[in-house]
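What the coordinates show
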Amino acid sequence: MNDKISFIIDDREIKAKKGQTILAAAQEAGIYIPRLCSKEGLSPFGSCRVCTVLVNGRAQASCTQPVAQGIVVENSSEKVFQIRKQIIEMLFIEGNHFCMFCEKSGNCELQALAYRFGILAPSLPFMFPEKDIDASHPDVFIDRNRCVLCGRCVRASRELDGKHVFQFVGRGPERRIAVNASADLKNTELESSDKAVEICPVGAIIRKRVGFKIPVGKRLYDHEPIGSDIEKACT
Amino acid sequence: MKKEMESTVKNICRDSGNDKIHLLDILRRVQNQFGCVSDEAIDLIAKSLNIPRVDVESTVTFYSFLSKEPKGQIVIRLCNDIIDRMNGYDKVAKAFREELGIDFGETTKDGKISLENTPCIGMCDQAPAALVNGEVVTYLSTDRAREIVKILRLTGNPKKLVQRLGDGNNAHELVKSMVQNNIRRAGEVVFSLAESQPNIALEKALAMSPVEVINEVKTARLRGRGGAGFPTGMKWEFTRAANGDKKYIICNADEGEPGTFKDRVLLTELPDRIFEGMTIAGYAIGAEEGIMYLRGEYEYLYNFLEATLEKRRKDGLLGKNVMGKKEFNFDIRIQLGAGAYICGEETALISSCEGFRGDPKNRPPFPAQRGFLGYPSCINNVETFCAVLSILDKGAGWFAELGSRGSAGTKVLSVSGDCQSPGIYEYPFGITIKKLLKDVGAEDAMAVQVGGASGQMIGEKDYDRIICFDDLATGGSIMIFGPQRNILEVVDYFMEFFIEESCGYCTPCRVGNVVLRNYLQKIISGKGEPSDLDFLQKLGENIKAASRCGLGQTSPNPILSTLKNFHPVYAAMVREETEGLQPTFDIQAALRDSEAITGRKSVLFIH
Amino acid sequence: MDKPKIATAALTGCFGCHMSILDIDDRILKLIELVDFNKSPINDIKEFTTRCRIGIVEGACATEENVEVLKDFRKHCDTLIALGDCAVMGGINAMRNTIPLKECLEEAYLNGPSVYNPEKKIPGDREIPLLLDRVYTCSEVVKIDFKLPGCPPSADTIWTALVALLENRPLELPYELIKYD
């Protein structure tokens, strides 16, 4: 129908529905655009900027930018690669990411992105910031050392769980995730089964007593890069 | 006390109709009343407005005029922007510290006075300056600082600090401030309004159809005066054409760009005309409501502006059937900000108007499609509304003839820094930097920062370039640096400013600017290497490309423009280091704690 | 022709990366054919006796002695590799970076639940190297040419990287060899 439009991504012409984001349209065509804050089922947020593409030469976040007829999108040029790689590195140095003892290691989307980008180590200096941990809740803890401020928990709690457990407070480098209580996580209505818990891409929100259950070698990203499922789905 | 607070907070919320849209107003009042917005107050507000407490906390922790920790009854906010630093900030700061016996960020033991720093408060032409609660004190000296503390201690009343009133409406009954206008050059478009008869333009507009008004503005080739230069007529057209039960016209009076203060003067001298311009715009786009978003730093103008609105209402220039025009109902309200540069970004401004933290919104949808509360909204700069009046007064053709190709009309410039006559200058677009420097008395300028912190720094070889949208674009800020200044220190200040003012929403701006500044400081401290310059360039370009809003898309400009225009300054500071320890690694500093704890000196690194 | 020389050292860490070097199993015979080991705990040579082609350093830089060793390695090696997460980003050691040194030492020597220290003194013996104010990554202290992450990096990772360097090929690791845990 006439609500179909077409555009070019990395020399390939693909069809899309009007109103679709570039990221979603590419995904339907089997093209993976790396992303972190974006998650199917949640409203687009556009904060991590890992999904940056060039649209007619101009950088845009593909998770919020809608498709338009005839646009030319670069998803795998050197420039795009370098921008994304540097953003991933920023997220590593901004927090304290100790993969060697993190429950999420092997299933962590930030780590998986770094693997996919072939990052041996961030080229930016580590900041070693002081962050806190909230382990007050009987079944869930928050480790802000690992938080990448993607806001998935904020959105999931509101949009999927019908609660308001999380929200951003502070601004600039002091921006952080806060909980809907004057005290701690245990004073909120969060339950272990909440979608907001499992939706965390990193190890910042973790269910207690289930860490390290999956052995090394069987974890999500042990053998294949993140996004492989999308790339395989259409070939 | 607790009970008393409970009823006060509840009353404040009730005054605002327990409507969460007015959260920012409520928070400001609670802050003023109790010196903070405490956890208890947050709970009470959340309950009254029926919103999650974490959302209230989110807003409280965003704005620098709001705080969860208790502040003194009086808060002295000393402006520490670069111009104030060049005009003796350090000495004044020292005098305040000594006289109060506290450091910045602290409150006197009796809980009476807090001392804080604040970025540009729009007084660069009379720096150093400070805000004392709402009052503005200017041209500060060490003596004056000590005197201010004495008066505050004696009277507890910041109003007593105003001893001599400023010129023009600064002396108005409802303003009574010591601020000076410093209008040095009145031009044909904006300041000529002072002589023209009010409401003729509005009358003309109402005699036309809204589309005709828009066409007139389009014919005049008017572009937005905030700096980005989007064609005003198109913006109006888009908003008019957008679907929506209601539409909003918003005046962006949140000038926070360091070195800009022209809106301060326009709001002081031409408020009635600005509201007239907003009314015309409202008519053109089909809005019934206008909002003026006034930066918190200009609170001293609030009552005066409100009175101006009230008078317009009485005169039938606002309200039902404006000027007798059937079915044109329009009114304006003022939304005060609370100290956040980012709220000058139009989608952040909308967030703030809605009572939220000032995070910018994703675009699309653009405000013209979905803005304030989801309704089509048009945001224009204060000066843009003034230009509209002259266009209707004197004709689109007359206006389009003024200025340079692609940039019709005049621009009101805020000139500050190392020059003889800092102040307000209105020129037709197309004036060269050289001519400007001559007029303001700064022919020996080493560098000129055009467009504020987010603009660019140029040197002598570029002084023949012109001010216009297609060459040197500026929202009005012109900061001048004489030969005695250290360029890298200026750049470092701007980076500090951006880090402070970033909302932190997106990664490149939140993290990237901190990294940029760390590398810059490495270079300033003489520990930089040639490869660091290349690194700064690439990182800066990536931040510009990948950031979500205008703040991050321009924050690397101070570094990128000086790398380009003042490269030798950087080159002289870096050298290659291959052997030995990294220049940034200081073994003596790294061992200091250990030596103190163990009570012995290092045997490996003897010093 | 002389074989290229290799030196290795372990700074603050668990020595696991050296174990991982030994984990290359029978390839170690091939390695001995390819290179000579100079200063290294593997052969117990304590000081550099010659300039080395490659220096491999595991562990984080947490003490003055670590600084000295790093300096020495940088001086004697053409190419310096930071091996493993501790060398690359501080590793577990860096957890102390958000806690003042004094608090760390008091917890370790005075207040910890299992501490027996009747003298109530933090040791300051000259034989014990002084701790740095915080844990530094190797590249914060000296220039590092290559970083191999992992806790520890797998034997395959180390082997692949070493062979590539010895054969002057660019260091490109396949997906499964880049791991941070």
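The model shown is predicted, which means the values in this text are computed figures rather than measured ones.

This part is about the state of the cysteines. For the structure on display, the rule yields zero disulfides over all chains. Just so you know, B:Cys419 is unpaired, no disulfide at all, and the nearest cysteine sulfur is the one on B:Cys124, 11 Å from it.

Okay, the domain arrangement of chain A next. Residue and element names in this part refer to chain A. According to the domain assignment, chain A consists of domain 1 (4–76) and domain 2 (86–207). Contact between domain 1 and domain 2 buries roughly 1,400 Å² in total, counting both sides, with carbon and sulfur atoms accounting for 67%. The interface formed by domain 1 and domain 2 contains zero salt bridges. At the boundary of domain 1 and domain 2, one finds four residue pairs in polar contact (both at pLDDT 80 or more). Its residues assigned to classes, the side of domain 1 that touches domain 2 shows nine nonpolar, five polar and three charged.

Our focus in this paragraph is the interface of chain C and chain A. At the interface, 24 residues of chain C touch 29 residues of chain A. Between chain C and chain A, roughly 2,200 Å² of surface is buried when both sides are summed, and carbon and sulfur atoms account for 69% of that area. The tally of links between chain C and chain A comes to one salt bridge. The closest approach of N and O atoms between C:Asp181 and A:Arg219, which form a salt bridge, is 2.8 Å. Between chain C and chain A we count eight residue pairs in polar contact (both at pLDDT 80 or more) in total. Elements supplying a minimum of two residues to the side of chain C that touches chain A: α4 (85–89) and β6 (131–136) of chain C. A total of three residues in the side of chain C that touches chain A trace back to one element, the largest contributor, which is α4(C). By residue class, the composition of the side of chain C that touches chain A is 13 nonpolar, four polar and seven charged.

Residue and element names in this part refer to chain B. Judged by pairing direction, the sheet is mixed, and its five strands sit side by side in the order β2-β3-β1-β4-β5 without closing on themselves. Of all the strands in the sheet, just β2 (106–107) and β5 (135–137) have a single pairing partner and so form its edges. Summarising the sheet, β2 and strand β3 (residues 113–118) pair through two bridges and their orientation is antiparallel. Opposite Glu106, over in β3, you have Leu115 as the bridge partner. Across the face of the sheet, helix α6 (residues 89–100) comes into contact with β1 (74–79) and β3 while running at roughly 160 degrees to β1.

Once that is clear, we can look at empty space enclosed by the protein. A full pass over the atoms with the stated rule returns eight cavities of 30 Å³ or more. If you add up the space inside the largest cavity, you get close to 140 Å³. Surrounding the largest cavity, 13 residues form its lining, A:Phe92, A:His97, A:Pro122, C:Met89 and C:Tyr180 being those nearest its centre. Here the lining of the largest cavity takes three residues from α4(C), the largest share from any one element. Classifying every residue of the lining of the largest cavity gives 11 nonpolar, one polar and one charged. Volume-wise, the second largest cavity comes out at about 110 Å³. A:Cys147, A:Cys153, A:Cys200, A:Ala204 and A:Ile205 are, among the 15 residues lining the second largest cavity, the residues nearest its centre.

Residues and elements named next belong to chain B. In this model helix α7 (residues 142–155) runs 20 Å from its N-terminal to its C-terminal C-alpha over 14 residues, within 8% of the 20 Å that 1.5 Å per residue would give. If you check which residues of α7 are buried, you get Arg144, Ala145, Ile148, Val149, Ile151 and Leu152. Each buried residue of α7 sits inside an arc of 165 degrees when the element is viewed along its axis, so together they form one side. Among the exposed residues of α7, those pointing more than 90 degrees away from its buried face are Asp143, Lys150 and Leu154. Buried residues in α7 make contact with β1, α6, β3, β4 (130–132) and β5. A positive phi of about 65 degrees marks Gly156, the residue just after α7.

Now for the packing of aromatic side chains. Counting across every chain of the model gives 25 aromatic pairs over all chains. Their ring planes at 15 degrees and their centres at 5.4 Å tell us that A:Phe98 and A:Phe101 sit as a pair that is stacked. A:Phe98 sits in the buried class, given a relative accessible area of 10%. Accessibility expressed as a relative area gives 27% for A:Phe101, which makes it partly exposed. Geometrically, the ring pair formed by B:Tyr248 and B:Phe372 is edge-to-face, given 4.8 Å between the ring centres and 80 degrees between the ring planes. Of this pair, B:Tyr248 sits in strand β7 (residues 248–253) while B:Phe372 sits in the loop between α14 (346–353) and β10 (377–381); the two residues are 124 residues apart in sequence, bridging distant segments of the chain.

Basis of the calculations
- All residue numbers refer to positions counted from 1 along the written sequence of the respective chain.
- Throughout, the order in which chains and ligands are written sets their labels, letters from A for the former and numbers from 1 for the latter.
- With the structure being a predicted model, the display of local features is reserved for residues of pLDDT at least 70 and the display and counting of side-chain atom pairs for 80 or more, all residues being used for whole-chain, interface and lining totals.
- Excluded from the side-chain calculations are hydrogens and water; all other atoms, namely the structure's heavy atoms, are used.
- Two cysteine sulfurs form a disulfide in these notes if their separation is within 2.5 Å.
- Each domain's limits were defined by an automated method or a database of domain assignments.
- Simply put, the buried area is the total loss of 1.4 Å probe accessible area from both parts when two parts are fitted together.
- A pairing counts as a salt bridge when a side-chain nitrogen of Lys or Arg comes within 4 Å of a carboxyl oxygen of Asp or Glu.
- Any N or O atom pair separated by 3.5 Å or less is treated as a polar contact, with the protein-specific requirement of one donor-capable and one acceptor-capable atom, and with residues adjacent in sequence counted only for side-chain atom pairs.
- Asp, Glu, Lys and Arg are counted as charged, while Ala, Val, Leu, Ile, Met, Phe, Trp, Tyr, Cys and Pro are counted as nonpolar; the rest, among them Gly, fall into the polar class.
- By the convention used here, residues are in contact when the closest approach between their heavy atoms is within 4.5 Å.
- Secondary structure elements follow DSSP: runs of H or I no shorter than four residues count as helices, runs of E no shorter than two count as strands, and numbering proceeds from the N terminus.
- Between any two strands, pairing holds if DSSP finds at least two bridges.
- Geometry is summarised by axes, namely lines fitted to C-alpha atoms with helices restricted to the contacting stretch, and by angles between N-to-C directions that run from 0 to 180 degrees.
- The method works on a 1 Å grid over the protein atoms by themselves. A cavity is a set of points holding a 1.4 Å probe that cannot get out, a pocket is an open set with protein on both sides within 12 Å along at least five of seven lines, and residues with an atom within 4 Å of a point line them.
- Grid points are joined across faces, edges and corners, and a volume is the space filled by probe spheres set on the points.
- By this rule the span expected of a helix is its residue count minus one, scaled by 1.5 Å.
- The cut-offs for exposure are 20% and 50% of the maximum accessible area for each residue type, with area from a 1.4 Å probe on protein chains only; residues under the lower value are buried, those over the upper are exposed, and the others partly exposed.
- Read the arc as the range of directions from the helix axis to the C-beta atoms.
- Pairing of aromatic rings covers Phe, Tyr and Trp, the last through its six-membered ring, and needs centres within 6.5 Å; plane angles under 30 degrees mean stacked, over 60 mean edge-to-face, and all others mean tilted.

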